[in-house]
Amino acid sequence: MAQKKGHRSLSSDDPEELARVPLQAVLLADSFATKFRPITLERPKVLLPLVNAPMIDYTLAWLESVGVEEAFVFCCAHSQQVKDYLNKSQWMKQPGTFTVQPIESHDSISAGDALRVIYNLGVICGDFVLVSGDTISNMSLKEALQEHKERRKKDPLAVMTMVIKHSKPSSLTHQTRLGNDEILMAIDPDTKELLYYEDKTDQSQRFITLDKMLLASTPTLHLHNDKQDCYIDICSPEVLSLFTDNFDYQHLRRHFVKGLLVDDLMGYKIFTHEIHSSYAARIDNFRSYDTISKDIIQRWTYPMVPDVQYFGNCSQMKLDRLGIYKAPEVDQSRTAQIRAFSLIGNGTAIGDHSVISNSVIGQSCTIGRNVSIQGSYIWDNVIIEDDCKLSHALVCDGVHLRAGVVLEPGVILSFKVEVGQKIVIPAYSKVSLLPQPSKQDSDEELEYADANSGVVESPSITSIANTRNVDPVPDSPDAEHSDTSEVGISGVGYIWSTTEGGHEEEWRHSIAPIPAEKLMEFCLSAHTDLGVSNQDVNSLPASGELQLDSESTGFDDGEDYKDSADFEKEVEATFQRVLAGVNPENVILEINSLRLSYDMSHADCAGSLFYSIMKSALSAPFSSNRELLLNTGKELSRWKDLLKNCLKTIDEEIEVLLKFEEMCLETTKEFAPLFSAILNHLYEKDILSEDAILSWAEEKEGADESDKVFVKQSEPFLKWLREASEDEDD
Amino acid sequence: MWLRSASFVLDQRQQQEEPSSFFYDPRFYDPRDPAQLPPPSPSIDPMDQNPNPNHGISAYYQTRAEHHAVVTSDWLAQAQAAVGRDAAPSSGRPTAAASSSSAARTGSVGGGGKPFSVIDEFNYWRKKPDLAEAVAAIMALAAVIRSSEATTMMELEIELKKASDTLKSWDTTSISLSAGCDLFMRYVTRTSALEYEDFDAAKLRLIERGEKFGEISLKARRTIAMLGQDFIFDGCTILVHGFSRVVLEVLKLAASNRKLFRVLCTEGRPDRTGLRLSNELAALGVPVKLLIDSAVAYTMDEVDMVFVGADGVVESGGIINMMGTYQIALVAHSMNKPVYVAAESYKNDSCELLQFARLYPLDQKDLAPALRSIDFGVPIPSGVEVETSARDYTPPQYLTLLFTDLGVLTPSVVSDELIQLYL
Amino acid sequence: MPDVQALVNDFVLKLKRRKIEGSHASAQHTAELLRSVISHQRMPYTNQAGALIDAVKAVGEQLIAANPVELAVGNIVRRVLHIIREEDLSSTATAIEGLGLSAGSDDDDEGQHEDRPALSAAALAAAARSTLRAPSLQTLLEDIPDSAAAPQPPSSGGDSEGKSKSADKNIRSRKLKHDVIEAINELIQDIDTCHEQISEQAVEHIHQNEVILTLGRSRTVKEFLCAAKEKNRSFRVFVAEGAPRYQGHVLAKELVSKGIQTTVITDSAVFAMISRVNMVIVGAHAIMANGGVIAPVGINMVALAAQRHAVPFVVVAGSHKLCPLYPHNPEVLLNDLKCPSDLLDFGEFSDCMDFGSHGGSPLLHVVNPAFDYVPPKLVSLFITDTGGHNPSYMYRLIADYYSADDLVVKRRSTS
């Protein structure tokens with residue numbers, strides 16, 4: 001606790017502390033991603049309001065508070081807008097040491113390019129802080145910087161310090177609060193060196209592969225999936241040159257970090273710094289936008305909270321009980337209710353009986369009567385007429401919703417969209433005045449930046465009127481041409497067909513909470529994912545293959561039996577088909593696939609195959625044991641090679657023996673007397689090798705009498721075997 | 001419409017010319033009433049016997065009730081009944097008699113041909129909606145000056161003295177009335193003290209000064225409203241007792257500042273001042289709920305603060321206000337709810353100057369009782385006594401703050417200030 | 001004077017960003033800032049007082065708006081305004097000497113009511129004082145300061161004086177400014193030395209072998225206790241740790257280093273311990289005009305416990321913490337909700353704040369208020385640098401320190 005408060009006090013006197021070394025920062029005012037489309041077609045992401053203040057203000061304010069003196073704002077998409085904003089913002093004309101300097105470039109399509117540009121400018125002289133313009137934090141960089149510098153003194157190869165934060169991913173969906181997949185990091189607990197970084201873990205495969213060398217070189221490492229990457233990096237100048245050296249580095253994490261981690265000939269190291277009491281997070285997609293807004297309203301980012309007018313420009317907010325923020329000039333009807341965790345901007349009017357809960361409403365909006373707004377984000381100058389229902393929607397500036405409009409969860413309405421009366425916008429759909437770019441572009445593609453990006457070209461009209469009839473994923477074309485007649489009532493804007501990842505992926509990144517059925521799906525697989533985090537992997541098999549989840553906890557033996565049982569049935573069925581005269585090769589394939597799908601070992605497979613063979617032998621009519629023996633002999637010789645397929649190693653053969661034994665005991669008692677004979681037969685047909693048989697016998701040595709019956713029965717045969725092997729030896 | 005019904009009854013009475021009726025009604029001489037201008041000469045006679053010390057209703061409350069526009073005909077009837085029944089001689093008799101005669105004289109001296117009555121003036125002014133009693137009194141006195149033909153300061157003063165005595169004795173129980181008179185009288189004596197070269201100048205000055213008091217009091221009220229409305233926060237529930245112009249002003253201002261609050265009005269028996277207040281508030285669109293006076297404790301838990309006016313603030317820092325204030329304050333205190341008093345400062349100013357100066361009430365009975373009749377709906381069996389006192393005294397320890405035009409004061413501050421001023 | 005403007009902006013920014021916190025620091029900075037403002041203010045030919053007051057109000061308005069919770073700022077601004085009036089008054093008093101001013105006073109007052117900004121209710125009140133009191137009690141002699149003090153819209157009031165005293169203006173202009181700056185220096189002095197002055201009284205209050213309870217850490221309290229120790233009183237101190245900032249731990253260290261018997265208890269143990277305590281001494285964030293106290297969170301509980309066991313509850317605070325305003329709805333308006341991470345670790349609870357899975361509404365809400373409001377009836381004694389007072393007496397101190405015209409700091413132009 002004491003350390004906590006120390007933390008706070010430190011952050012306060014940072015500027016003086018660090019005045020000696022001019023600390024620089026590079027702020028990427030372009031996410032080089034398309035997650036925020038269609039909004040980002042018209043306005044750069046960093047200027048989007050987050051709780052009524054542009055994101056970039058939070059980042060700049062933080063940089064200033066941690067004592068950064070020179071901040072280079074790299075703007076690419078909509079660079080003009082960004083520059084204009086900065087010019088009229090307080091940051092330019094601020095007194096004191098903090099200077100903001102925009103850098104413009106039009107041909108950069110990735111963070112990599114940006115850094116290369118900056119390198120060529122040669123403005124960076126020392127260690128610098130690398131953040132993107134959508135990072136919210138109130139942490140104090142002091143220790144992080146200190147650690148970084150000391151490390152640099154010790155070894156010059158420690159080029160980068162990543163700031164990470166302890167934050168659990170949702171045990172259900174394997175995605176963090178911020179909507180991206182859980183990140184796996186291997187960190188050396190002593191040196192805090194980052195050894196492994198994977199942010200695209202897919203859940204289907206249950207293991208990750210670490211390089212043997214890692215485990216060889218470092219005595220111990222911790223695997224974390226409960227760390228959140230804050231995307232705040234303290235870099236030394238080498239980083240820039242590294243980017244220029246390898247042109248293929250585009251993405252900061254996916255290429256650069258991983259790149260450094262894998263190649264060991266240059267031996268650059270990346271270290272981590274974990275923050276505890278303070279807050280840091282990056283807005284990467286709509287879900288994180290939602291989450292971070294809520295964190296701000298819950299004051300985790302103090303002092304960057306609405307009622308402390310941190311960025312001077314925003315109007316004085318009044319914080320009421322239950323986290324209700326109200327600007328002074330709110331015209332609220334007596335019957336309107338504002339529920340907990342809401343923020344109402346200046347000059348907004350709210351009509352009778354409207355209910356607003358956990359939402360952020362911008363400035364000078366007009367909200368009619370009986371409107372219900374829940375968990376939504378409404379920006380400035382929005383007009384919402386009576387009886388509208390908004391839940392978990394994002395509504396940009398100047399949107400006009402006519403009476404009775406319903407926005408289902410996850411809807412995004414971009415700038416100046418108009419929606420006609422009594423229209424239901426289906427969940428997760430995105431509406432914009434701009435047409436959807438024809439080809440779906442990858443994550444790397446930059447924000448839509450053409451010369452006249454600021455101006456909106458005259459929108460052609462899609463009728464949102466009949467989206468009720470249109471299937472939940474409305475394809476723009478037919479929706480457009482269907483009826484352009486009722487423009488007046490229907491409104492203006494394209495409905496975008498859902499972006500890459502397809503509809504079923506939409507829920508991951510949308511503002512809306514994860515739908516119940518999704519959660520249900522996850523619940524089914526959930527119990528397999530327990531105990532994932534923080535496994536100390538000292539005692540790993542050298543193979544380096546690490547089983548992330550332990551089935552044993554998941555399945556109890558009951559269902560284990562059940563599985564193997566119907567596996568046997570399956571095998572038998574296929575075998576029947578063979579009898580019906582299917583080509584054995586296919587059968588082998590089939591059996592293998594069965595084995596995989598039931599995820600059984602070769603042994604099981606062999607066992608059950610053998611079982612079905614014997615059954616078939618049994619099925620043939622026989623009067624005496626002798627005949628039965630003959631039948632069996634026939635069957636075996638007939639299916640020998642099929643069986644052989646499964647008997648790859650000695651283990652399987654033993655399994656077969658055990659199976660046979662079991663059959664004799666339980667299911668098919670008929671074989672009991674013939675056991676040794678058939679065993680002999682198997683040996684003859686060299687289906688079973690002698691070591692298999694011997695080791696089986698050895699296994700049985702220790703067993704109690706009841707099990708030993710067959711061993712005894714086949715004692716002479718075994719004896720013979722042993723002798724045979726002996727005189728082979730000499 | 002209550003007003004009309006009342007006046008209707010009165011007119012009837014007037015036609016019948018019942019000499020037996022002791023009932024005094026100022027509207028009868030209302031200058032604004034065309035039917036009665038100029039007042040007929042016989043009207044002097046009731047004037048002479050007025051105020052009849054015998055009737056148990058202080059004129060103040062008769063007229064006040066009427067101005068509050070909730071007087072009913074049965075109220076008047078009941079009043080009559082009370083008059084007939086109650087024969088207890090009031091202590092105020094001699095002075096009253098004297099004053100009444102003096103008042104008559106004043107009339108004759110000042111009136112010239114046309115008879116002039118301070119009381120009429122007073123009542124005329126009082127009918128103005130937003131004029132406090134004290135101011136009305138001052139206006140009346142100013143009118144006296146205007147209509148007097150005194151030639152020296154001395155005479156004028158004497159005249160005024162008489163006039164103010166008339167007013168005061170006409171209703172010995174109205175604090176603000178006497179406060180007004182005294183305030184003005186003090187001013188007169190003070191101005192005369194600094195010799196004015198010519199009398200007319202002085203006279204004019206006095207008159208204009210009188211007028212000024214009007215706007216001063218209005219300003220005072222606005223000030224109080226501004227101070228008081230800070231204490232009203234969004235979503236709070238306010239309990240109001242009685243009708244006080246100042247309290248109404250505070251609530252009005254708060255409402256106009258888009259504060260979201262809700263008001264509980266006590267009924268305010270017997271003259272139903274609560275009804276009137278609730279009318280006004282409802283007109284402003286403030287959600288109002290009416291309570292019977294006995295429901296206060298029942299509803300106190302949902303109340304955030306209690307707002308009351310004050311007829312007077314006494315040296316102890318306690319207040320004298322409409323009957324029921326004390327018990328409300330007690331309930332509020334026991335439930336730890338703040339009790340806010342809104343009062344114009346000349347109330348306590350004048351208090352400490354005049355007969356209330358040294359008043360340091362220790363219990364309710366220390367007050368000059370203001371009597372009024374109470375309508376129980378059913379005839380009261382003979383021999384049953386009725387508590388007709390109109391006000392009670394609320395000790396300072398039950399008050400939280402006083403909003404005066406001198407600023408926000410705690411009761412202790414008030415008493416300190418008053419004492420200090422007196423030394 | 002741009003340089004002053006820069007200073008002001010810088011300070012405003014600091015206040016906004018909570019870089020300057022704590023009433024002592026902010027009070028000091030404010031005073032120094034205002035001093036420089038005044039020294040740079042160029043004096044007009046007539047009515048310097050008015051000019052100064054306007055300048056100070058202009059600045060003061062911004063400062064108060066910057067961090068409304070830091071009441072000390074507003075207090076100092078008002079103190080300075082008061083100082084200016086006082087100085088002006090003392091100099092005018094000499095100037096107006098022998099000027100026959102009959103009932104002129106009334107005229108001035110009335111005249112000024114007209115153009116008064118509707119906003120400054122308190123100012124109206126003040127003027128009302130002068131009008132209504134004037135007829136009520138003051139003798140003619142008292143009218144002189146009355147008329148001089150009344151000019152609260154300095155323009156009108158000021159040049160009414162301006163007319164009267166054309167003679168010795170130049171001398172006065174020098175003098176006034178100089179005096180004011182002198183006075184402000186004294187004020188800064190007081191703010192610095194308030195701790196000593198308070199702790200001088202320690203011996204009178206702390207007696208041999210007493211048990212004293214305090215919560216959190218207040219520098220004033222610390223000095224107070226140490227002073228008593230130096231006068232070699234032997235006593236024991238219970239320190240409630242004062243969650244969530246746990247300043248109590250720091251205080252305990254300091255006290256022990258001074259050789260004082262110290263016991264650290266949790267906040268929740270206060271009631272259990274209170275019966276053994278002879279006196280509760282705590283610091284305050286601000287003292288309101290009605291004697292109520294804005295103090296670090298948790299102190300109201302201590303006060304209630306003390307009252308329950310009839311233990312005297314003493315508040316020590318420098319006079320710069322004395323605020324002329326009345327608290328309305330103080331729990332909400334005069335409070336500052338700090339960061340939840342003081343209470344619990346974000347990482348551990350992050351899964352409770354996964355808005356994806358819990359239907360999107362935050363189920364976990366952490367409230368971390370900075371202050372408590374202690375009603376006056378729970379306080380038995382205030383010890384300020386001017387001695388001990390009981391809550392009902394606070395208004396008198398306020399009357400000495402502040403002039404009623406300044407309760408609302410608002411420039412008439414802006415209103």
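Residues numbered from 1 in each chain as written. Chains lettered and ligands numbered in written order. Predicted model: local features only at pLDDT ≥ 70, side-chain atom pairs only at ≥ 80, totals over all residues. Heavy atoms only, no water.

Trainee: Talk me through the overall build of chain C; I want residue IDs and the actual numbers.
Mentor: Across its full length, chain C carries 17 helices and 10 strands. By the burial criterion, 59% of the 415 residues in chain C qualify as buried. Sequence separation of at least 24 residues holds for 81% of the intrachain contacts in chain C that already meet a minimum separation of 6. Of the roughly 15400 Å² of accessible surface on chain C, 56% is carried by carbon and sulfur atoms. (Helix = DSSP H or I, 4+ residues; strand = E, 2+ residues; numbered from the N terminus. Buried < 20%, exposed > 50% of the residue type's maximum accessible area, 1.4 Å probe, protein only. Contact = heavy atoms within 4.5 Å. Areas by Shrake-Rupley, 256 points an atom, 1.4 Å probe, with all protein chains shown as cover.)

Trainee: With reference to specific residues and values, describe the overall build of chain A.
Mentor: Summing up its helical and strand segments, chain A has 23 helices and 39 strands in all. Taking all 730 residues of chain A together, 57% fall into the buried category. Summing over all exposed atoms, chain A offers an accessible surface of approximately 29400 Å²; the carbon and sulfur share of this is 55%.

Trainee: Explain the sheet that holds strand β4 (residues 70-75) of chain A residue by residue, including any values.
Mentor: Residues and elements named next belong to chain A. As summarised here, the arrangement of the seven strands in space is β5-β4-β1-β6-β13-β8-β14, forming an open sheet in which the pairing is mixed. Sheet topology places β5 (99-104) and β14 (269-275) at the edges, where each strand pairs with a single neighbour. Each strand axis lies, on average, 30 degrees off the axis of its neighbour in the sheet, ignoring direction. In this sheet, β4 lies alongside strand β1 (residues 24-28) in parallel orientation, the contact comprising five bridges. (Pairing = 2+ DSSP bridges. Axes fitted to C-alpha atoms, helices over the stretch in contact; angles between N-to-C directions.)

Trainee: Lay out the pairing of β1 of chain A in plain terms, naming residues and giving numbers.
Mentor: Residue and element names in this part refer to chain A. Burial of β1 is extensive: five of the five residues sit out of reach of the surface. Here β1 shows two buried faces, one formed by Q24, V26 and L28 and the other by A25 and L27. Pairing between β1 and strand β6 (residues 128-132): five bridges, direction parallel. Looking at β6, one finds that V26 is bridged to L130.

Trainee: I'd like to hear about the domain arrangement of chain A, residue by residue, with values.
Mentor: Residues and elements named next belong to chain A. Taken domain by domain, chain A holds domain 1 (20-287), domain 2 (317-438 + 457-499) and domain 3 (558-729). Surface buried jointly by domain 1 and domain 2 totals about 1300 Å² across both partners, of which 71% is contributed by carbon and sulfur atoms. Contact with domain 2 buries surface across domain 1, with P38, E42 and N52 losing the most and accounting together for 40% of the total. Applying the counting criterion to the domain 1 and domain 2 interface returns one salt bridge. Between R43 and D397 there is a salt bridge, with its nearest N and O atoms 2.7 Å apart. Between domain 1 and domain 2 we count three residue pairs in polar contact (both at pLDDT 80 or more) in total. Looking at the side of domain 1 that touches domain 2, its residues break down into seven nonpolar, one polar and four charged. (Domains from an automatic or database assignment. Buried area = accessible area lost by both parts, 1.4 Å probe. Salt bridge = Lys/Arg side-chain N within 4 Å of Asp/Glu carboxyl O. Polar contact = N/O pair within 3.5 Å; in protein donor to acceptor, adjacent residues only side chain to side chain. Nonpolar A, V, L, I, M, F, W, Y, C, P; charged D, E, K, R; others polar.)

Trainee: Tell me about the packing of helix α20 (residues 675-684) of chain A against helix α21 (residues 690-701) of chain A, and name the residues and values.
Mentor: Axes are the key here: two packed helices are described by the angle between their axes and the distance separating the axes. Residues and elements named next belong to chain A. At a minimum axis distance of 10 Å, the contact between α20 and α21 shows a crossing angle of 145 degrees. Residues F675, L679 and Y683 of α20 form the contact with α21, whose own contacting residues are E690, I693 and W696. Of the residues belonging to the contact of α20 with α21, the class tally is five nonpolar, no polar and one charged.

Trainee: Please give an account of the sheet that holds strand β8 (residues 391-394) of chain B that cites residues and values.
Mentor: All names here are of chain B. Strand order in the open sheet formed by three strands is β5-β6-β8, with antiparallel pairing between adjacent strands. If you trace the sheet from one side to the other, it starts and ends with β5 (312-313) and β8, each paired once. Examined bridge by bridge, β5 and strand β6 (residues 319-322) share two bridges and lie antiparallel to one another. Paired with G312 across the strands is I320, a residue of β6.

Trainee: Before we move on, could you go through the domain arrangement of chain C and cite the residues and values that matter?
Mentor: Residue and element names in this part refer to chain C. In terms of domains, chain C is made up of domain 1 (2-104 + 122-134 + 156-193) and domain 2 (200-335 + 370-401). Every contact between the two is made by 13 residues of domain 1 and, on the other side, 16 residues of domain 2. Summed over both sides, the interface between domain 1 and domain 2 buries roughly 1300 Å², with carbon and sulfur atoms accounting for 58% of that surface. Applying the counting criterion to the domain 1 and domain 2 interface returns zero salt bridges. Only α2 (23-40) and α4 (71-96) provide two or more residues apiece to the side of domain 1 that touches domain 2. The greatest single-element share of the side of domain 1 that touches domain 2, amounting to seven residues, is contributed by α4.

Trainee: Requested: an account of the interface of chain B and chain A, with residues and values cited.
Mentor: Tallying the contact residues gives nine residues for chain B and six residues for chain A. Taken over both partners, the interface formed by chain B and chain A buries close to 580 Å², and the fraction arising from carbon and sulfur atoms is 38%. The largest per-residue losses of area from chain B upon contact with chain A belong to D234, R258 and L260 of chain B, which jointly make up 75% of the total buried on that side. Among the salt bridges present, the one from D331 of chain A reaches R258 of chain B, with a minimum N-O distance of 3.8 Å. Counting every contact that joins chain B to chain A gives three residue pairs in polar contact (both at pLDDT 80 or more). Class assignment of the residues belonging to the side of chain B that touches chain A gives a composition of five nonpolar, one polar and three charged.

Trainee: Pulling in residues and values, what's your account of the pairing of strand β8 (residues 371-374) of chain C?
Mentor: All names here are of chain C. Residues F371 and Y373 of β8 are buried on one face, and the alternating residues D372 and V374, pointing to the opposite face, are buried as well. Pairing analysis gives four bridges linking strand β6 (residues 293-296) to β8, with the strands arranged antiparallel. The residue bridging A295 from the neighbouring strand is D372, located in β8.

Trainee: Tell me what's going on with the packing of aromatic side chains, and back it up with residues and numbers.
Mentor: On inspection of all chains with the given rule, the structure shows 17 aromatic pairs over all chains. Their ring planes at 80 degrees and their centres at 5.9 Å tell us that F243 of chain A and Y249 of chain A sit as a pair that is edge-to-face. In terms of burial, F243 of chain A and Y249 of chain A fall into one category: buried. What links up through ring pairs into an aromatic cluster is the set F36, F286, Y289, Y377, W379 and F415 of chain A. Over the aromatic face of Y231 of chain A sits the side chain of R282 of chain A, whose NZ or CZ is 4.9 Å from the ring centroid. The side chain of R276 of chain B reaches across the aromatic face of F243 of chain B, ending 4.2 Å from its centre. (Phe/Tyr/Trp six-rings, centres within 6.5 Å; stacked < 30°, edge-to-face > 60°. Lys NZ or Arg CZ within 6 Å of the ring centre and 35° of its normal.)

Trainee: Provide a residue-level description of the interface of chain A and chain C, including the pertinent values.
Mentor: When the parts come together, some accessible area is lost, and that loss is often what is quoted as the size of the interface. The partner chain C presents 40 residues to the 45 residues of chain A that form the contact. Buried surface at the junction of chain A and chain C, both sides included, amounts to about 4000 Å², of which 57% is carbon and sulfur. At the boundary of chain A and chain C, one finds zero salt bridges. Our enumeration of links across chain A and chain C arrives at five residue pairs in polar contact (both at pLDDT 80 or more). In terms of residue count, the dominant contributor to the side of chain A that touches chain C is helix α9 (residues 286-297) of chain A (five residues). Each residue belonging to the side of chain A that touches chain C can be placed in one class, and the counts come to 14 nonpolar, 16 polar and 15 charged.

Trainee: Account for helix α11 (residues 219-230) of chain C, with residues named and values stated.
Mentor: Residues and elements named next belong to chain C. Here α11 spans 16 Å end to end across 12 residues, near enough to the 16 Å set by a 1.5 Å rise per residue. When we look at burial in α11, the residues that qualify are T220, V221, K222, F224, L225, C226, A227 and A228. N-capping of α11 is provided by S218, with a side-chain oxygen placed 3.2 Å from the backbone N of T220. After α11 finishes, the residue N232 shows a positive phi value of roughly 25 degrees. (Expected span 1.5 Å × (residues − 1).)

Trainee: So what's going on with the pattern of salt bridges? Residues and values would help.
Mentor: Evaluated as defined, the whole model comprises 33 salt bridges over all chains. In this structure, K149 of chain A and D127 of chain A form a salt bridge, with 3.8 Å as the shortest nitrogen-oxygen distance. Linking K149 of chain A in helix α5 (residues 142-154) with D127 of chain A in the loop between α4 (111-121) and β6, this pair joins segments that are 22 residues apart in sequence. For E238 of chain A, the salt bridge goes to R152 of chain A, with nearest N and O atoms at 3.2 Å. One end of the pair, E238 of chain A, is in helix α7 (residues 238-245); the other, R152 of chain A, is in helix α5, and 86 residues separate them in sequence. One salt-bridge network, held together by shared partners, links R18, E21, D336 and K338 of chain C.

Trainee: Talk me through the environment of P411 of chain B; I want residue IDs and the actual numbers.
Mentor: All names here are of chain B. Structurally, P411 is set in helix α16 (residues 411-422). On the basis of relative accessibility, which here comes to 7%, the residue P411 falls in the buried class. Ignoring any residue separated from it by four or fewer positions in sequence, one finds P411 in contact with S316, G317, P396, L399, T400 and L402.

Trainee: Could you give me a rundown of the environment of S105 of chain A, with the residues and numbers involved?
Mentor: Residue and element names in this part refer to chain A. Mapping S105 onto the fold places it in the loop between β5 and α4. Residue S105 is classed as buried on the basis of its relative accessible area of 6%. When the C-alpha atoms of S105 and S623 are compared, they prove to be 92 Å apart, with 518 residues separating the residues in sequence. Polar side-chain contacts of S105 include one of 3.3 Å to the side chain of D107. At 2.5 Å, the side chain of S105 forms a polar contact with the side chain of S108.

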